[in-house]
Amino acid sequence: MLPPGDVFNSVCSDSKMMGAGGQPIIVLSQGTKRESGHHVQIGNITACKTIADVIRTSLGPRAMLKMLMDPMGGIVMTNDGNAILREITVKHPAAKSMIDIARSQDEETGDGTTSVIVLAGEVMSQAQQFLEQKIHPTIIIQAYRAALEDAIKLAEEKFSRSIDINNDEEIKTVVRSCLGTKMISKWMDLAVDIALNAVKTIRVDKGGINEIDIKRYCRIEKIPGGMIEDCKVIKGVILNKDVVHAKMRRRIENPRVVLLDCNLEYKKGESQTSLEIVREEDISKILEQEEIAIRKQCDEIIAVKPDLVFTEKGVSDLAQHFLLKAGITVLRRLKKTDNNRLARVCNARIVNDSCDLREEDVGTGADLFEITKIGDEYYTYVTSSKTTACTVVLRGPSKDVINEVERNLQDALHVVRNVFLNPRLVPGGGALEMALAHALVEKGKSIEGVRQFPYKAVARSLEVIPRTLVQNCGGSTIRQLTALRAKHAQSGDNWTWGIDGCSGKLVDMKELGIWDPLSVRIQVRHHYLSSCSPYSLLYCMLIRCQVLKTAVETSVMLLRIDDIVSGTKKANGGDGPVKEMPM
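Now for a quick tour of the structure. (Residues numbered from 1 in each chain as written. Predicted model: local features only at pLDDT ≥ 70, side-chain atom pairs only at ≥ 80, totals over all residues. Heavy atoms only, no water.)

### Remarks on the sheet that holds strand β19 (residues 390–396)
- In space, the 3 strands of this open sheet follow the order β9-β19-β10, with mixed pairing throughout. Among the strands making up the open sheet, the edge pair consists of β9 (218–224) and β10 (232–234). On average, each strand axis in the sheet is tilted by 30 degrees relative to the strand beside it, whichever way the strands run.
- In the sheet, β9 pairs with β19 via 7 bridges, with the strands oriented parallel. Within β19, the position partnered with Glu 221 by the bridge is Val 393.
- Sitting on the sheet, helix α13 (residues 399–421) is in contact with β9 and β19, with an inclination near 160 degrees to β9. (Pairing = 2+ DSSP bridges. Helix = DSSP H or I, 4+ residues; strand = E, 2+ residues; numbered from the N terminus. Axes fitted to C-alpha atoms, helices over the stretch in contact; angles between N-to-C directions. Contact = heavy atoms within 4.5 Å.)

Written as structure tokens, this is what we have:
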């Protein structure tokens, strides 16, 4: 047995350890590859830069589209950063981490996905020079964290302004800023109204705290056909369902609704059962038992006098017959999420067994139940003027157009939610990034030691946003960036000056109206210039904070990696997961 010192002090780069007598001892299984040290860090930086370069041209109002083909031959054309990266298959673990942060950014704030990738790639790129100068990654990380804290504090206290969430016009200007770079910008007013109405519908005040759950209570229903102008918000639920029996009512005003999570069928045994029938009348007895069981279920439902029954499971023909005779309309096989939204619309309670039904479980909050035929499909509408759940109906000439409209509208919905949750805004068009870069450079002069250099490197990284905006609209990068630096250095009141993403020229974002929500910006630390309208500026602040946090923290995480161990599972089961025993 080897002494502990020999074991831990003799690890080789080829995953072997040298024991007494110089004999190699294999620690990692065969087929395992290990990379460590400076080589791993440089590889991570290169991977991050590569991912950032893929979507760099998709930033700003002059963004280029990417055409992506999936393995099945489908085509996706979009400039949405998250949608692009979702379709890309990568092998390097650091590249996968970059794609994950775009997804988390999209889930957290709904915007800034392109910005966070571009900024994270630049922050990682700035770290390479310090690693080559043999500065320890821990020193770089400490400087990065200090710069992040200072940037967030400056953004919240100095480079942001508040907004009145009760003023719809102010909120609409923020949403216009978000949609200015999207395909749906041609139908700007329609999309803004849809996003604002949907979020205000599902907004619930719980003890002074706004609860806005877009994922659960705001469903987007895509119906091919018609025009984009036909898109609208329905206060209620829309289901692609029809009644189970053709003679059931398809329109009911002020319905009494029962929601079930059980089968309205004869319950079969869990184990296989066989019956031996000797006499002819035995068949009648068996059928009679089934009829009695189903009649009992139906009688329990009929006892609470509902007009409408929804169930997540199946409904037998016999149950349809009994319920039809009682004048009850039935719809079956709903999704769990749809049933939850119906419960919110109707003020009903989902019951797991018909024998548990009580009068208080019946929902009476719905104003109208109606089934309409659109094209070849039947759609069920359950609406209420006082509901806190809604459905956004999207129409369009093709599925590709509707899918792109859905992606754009999801961003708009999240923007409105962010403004309600954190009503502070920062300037867009790279103005916030340049203002923070100038402030961090000045503060970095007071930092002693080697940490001041990575600290200032974060400031240089922030300039990638205005620089990319100039590049994407064909402007003179060096001239405009130099002029923008000089503008911010002249006076502290020029913090709203940035780049017009349409022309590449310097402009005051306050006059142009380009704003971002603060919460997104701190997360991504940037949001591309949203629009060329004079109202886009408001949207930047929320998004910017989220961008900054995500970009810097991801860079810190990747810089801490100094070892990558990768292995393959063997097909024969050796060194892999244990196979299940044959039954």
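### Observations concerning the packing of helix α2 (residues 38–55) against helix α5 (residues 113–132)
- Two numbers describe how α2 lies on α5: the axes approach to 8 Å, and their chain directions differ by 150 degrees. Between α2 and α5, the angle is such that the two are roughly antiparallel. Crossing geometry of α2 relative to α5 is assigned as left-handed. Between α2 and α5, the residues in contact are His 38, Gln 41, Ile 42, Asn 44, Ile 45, Cys 48, Lys 49, Ile 51, Ala 52 and Ile 55 and Thr 114, Ile 117, Val 118, Gly 121, Met 124, Ser 125, Ala 127, Gln 128, Leu 131 and Glu 132, respectively.
- Taken together, the residues of the contact of α2 with α5 break down into 11 nonpolar, 7 polar and 2 charged. (Parallel < 35°, antiparallel > 145°, perpendicular 65-115°, else oblique. Left-handed = near helix turned anticlockwise from the far one by under 90°. Nonpolar A, V, L, I, M, F, W, Y, C, P; charged D, E, K, R; others polar.)

### Observations regarding unusual backbone geometry
- The backbone phi angle of Lys 134 is positive, close to 65 degrees, even though this residue is not glycine.
- Note on placement: Lys 134 falls in the loop between α5 and α6 (137–157).
- Phi at Asn 347 takes a positive value of approximately 60 degrees, unusual for a residue other than glycine.
- The residue Asn 347 is located in the loop between α12 (336–346) and β16 (350–351) in this model.

### Structural notes on the pattern of salt bridges
- Under the defined criterion, the tally for this structure stands at 25 salt bridges.
- The closest approach of N and O atoms between Arg 467 and Glu 122, which form a salt bridge, is 3.5 Å. Placement of Arg 467 in helix α16 (residues 464–472) and of Glu 122 in helix α5 is noted, with a sequence separation of 345 residues between them.
- Of the charged contacts, one joins Arg 250 and Asp 242 as a salt bridge, the two residues approaching to 2.9 Å between their closest N and O atoms.
- Classification of Asp 242 by relative accessible area gives partly exposed; the value is 24%.
- Ionic contacts of the salt-bridge type, sharing partners, join the residues Asp 261, Glu 312, Lys 313 and Lys 336 into one network. (Salt bridge = Lys/Arg side-chain N within 4 Å of Asp/Glu carboxyl O. Buried < 20%, exposed > 50% of the residue type's maximum accessible area, 1.4 Å probe, protein only.)

### Concerning the packing of helix α8 (residues 188–202) against α13
- One way to put it is that α8 packs onto α13 with a least axis distance of 9 Å and a crossing angle of 50 degrees. By the criterion of interaxial angle, the relationship of α8 to α13 is oblique. With respect to the hand of their crossing, α8 and α13 are arranged in right-handed fashion. Here Ala 191, Ile 194, Ala 195, Leu 196, Ala 198, Val 199 and Lys 200 of α8 lie close against α13, whose contacting residues are Leu 409, Ala 412, Leu 413, Val 416, Arg 417 and Phe 420.
- Its residues placed into classes, the contact of α8 with α13 shows 11 nonpolar, no polar and 2 charged.

### Observations regarding the nonpolar core
- Judged by nonpolar contacts, the single largest core of 146 residues is most densely connected at Ile 117, Tyr 144, Leu 179, Leu 260, Phe 310 and Leu 342.
- Not counting chain neighbours up to four residues away, the residues in contact with Ile 117 comprise Ile 51, Ala 52, Ile 55, Leu 85, Met 98, Ile 101 and Ala 102.
- Formed by 6 residues, the second largest nonpolar core is a distinct cluster that contains Ile 223, Ile 234, Ile 238 and Tyr 381. (Core = buried A, V, L, I, M, F, W, Y, C linked by side-chain atoms within 4.5 Å.)

### Observations regarding α16
- Of all 9 residues making up α16, 7 are buried, and the element is well covered by its neighbours.
- What α16 keeps buried is the set Val 464, Ile 465, Pro 466, Thr 468, Leu 469, Val 470 and Asn 472.
- Taken together, the buried residues of α16 touch α5, α14 (431–444), α15 (452–462), α17 (477–490) and β21 (497–499).
- Trailing α16 by a residue or two, Gly 474 shows a phi angle of about 75 degrees, which is positive.

### Overview of a nonpolar patch on the surface
- There is a patch of nonpolar side chains on the surface, built from Leu 275, Ile 277, Ile 283, Ile 286 and Leu 287 and spanning about 450 Å² of accessible area.
- Its location among the elements puts Leu 275 in the loop between β13 (257–260) and α10 (280–302). (Patch = residues over 30% accessible without salt bridge, like charges linked within 9 Å, V, L, I, M, F, W, Y side chains within 5 Å. Areas by Shrake-Rupley, 256 points an atom, 1.4 Å probe, with all protein chains shown as cover.)

### Topic: the sheet that holds strand β18 (residues 377–383)
- The sheet built from 4 strands is open, its strands ordered β11-β18-β17-β12 with antiparallel pairing. One side of each edge strand has no neighbouring strand; the edge strands of this open sheet are β11 (236–239) and β12 (251–253). Sheet twist, expressed as the average angle between the axes of neighbouring strands with direction ignored, equals 20 degrees.
- Bridge count for β11 against β18 is 4 bridges, and the pairing is antiparallel. Counterpart to Ile 238 in the pairing with β18 is Tyr 381.
- Where α12 meets the sheet, it contacts β11 and β18, and its direction lies at approximately 145 degrees from that of β11.

### Some details on the state of the cysteines
- One pass over the structure, following the stated rule, counts 0 disulfides.
- Of all cysteine sulfurs in the structure, the one in Cys 355 sits closest to Cys 262, which takes part in no disulfide; the separation is 8.6 Å. (Disulfide = S-S within 2.5 Å.)

### Examining the side chain of Arg 395
- Checked against the element boundaries, Arg 395 lands in strand β19.
- Although buried, Arg 395 forms no salt bridge, and the nearest oppositely charged side chain, Asp 230, lies 5.1 Å from it. (Lys, Arg positive; Asp, Glu negative; His and termini not counted.)

### Things to note about the layout of surface pockets
- Here the largest pocket defines a volume of roughly 730 Å³.
- Lining the largest pocket are 25 residues, with Asp 106, Ile 214, Lys 215, Gln 410 and His 414 positioned closest to its centre.
- Taken together, the elements giving at least two residues each to the lining of the largest pocket come down to α3 (81–86), α4 (93–109), α9 (214–217), β9, α12 and α13.
- Element by element, the count of residues in the lining of the largest pocket is highest for α13, at 6 residues. (1 Å grid on protein atoms, 1.4 Å probe; cavity = no way out; pocket = protein on both sides within 12 Å on 5 of 7 lines; lining within 4 Å. Points joined across faces, edges and corners; volume = space filled by probe spheres on them.)

### Structural notes on the packing of aromatic side chains
- Here the structure, examined in full by the defined rule, presents 2 aromatic pairs.
- A centroid spacing of 5.9 Å and a plane angle of 40 degrees characterise the contact between Phe 159 and Trp 495, whose relative ring orientation is tilted. With a gap of 336 residues between them, Phe 159 in the loop between α6 and β6 (161–162) and Trp 495 in the loop between α17 and β21 connect regions that are remote in the sequence.
- Looking at Phe 159, the relative accessible area reads 4%, which means it is buried.
- Looking at Trp 495, the relative accessible area reads 17%, which means it is buried.
- The side chain of Arg 250 reaches across the aromatic face of Tyr 378, ending 5.4 Å from its centre.
- The side chain of Arg 344 reaches across the aromatic face of Tyr 217, ending 3.7 Å from its centre. (Phe/Tyr/Trp six-rings, centres within 6.5 Å; stacked < 30°, edge-to-face > 60°. Lys NZ or Arg CZ within 6 Å of the ring centre and 35° of its normal.)

### Describing empty space enclosed by the protein
- The final tally for this structure, using the stated rule, is 2 cavities of 30 Å³ or more.
- Reported here for the second largest cavity is a volume of approximately 40 Å³.
- Lining the second largest cavity are Ile 184, Leu 190, Ala 191, Ile 194, Ile 228, Cys 231, Leu 394, Val 405 and Leu 409.
- Sorting the residues of the lining of the second largest cavity by element identifies α8 and α13 as the ones contributing at least two each.
- A total of 3 residues in the lining of the second largest cavity trace back to one element, the largest contributor, which is α8.
- When the residues that make up the lining of the second largest cavity are grouped by side-chain class, the tally is 9 nonpolar, no polar and no charged.

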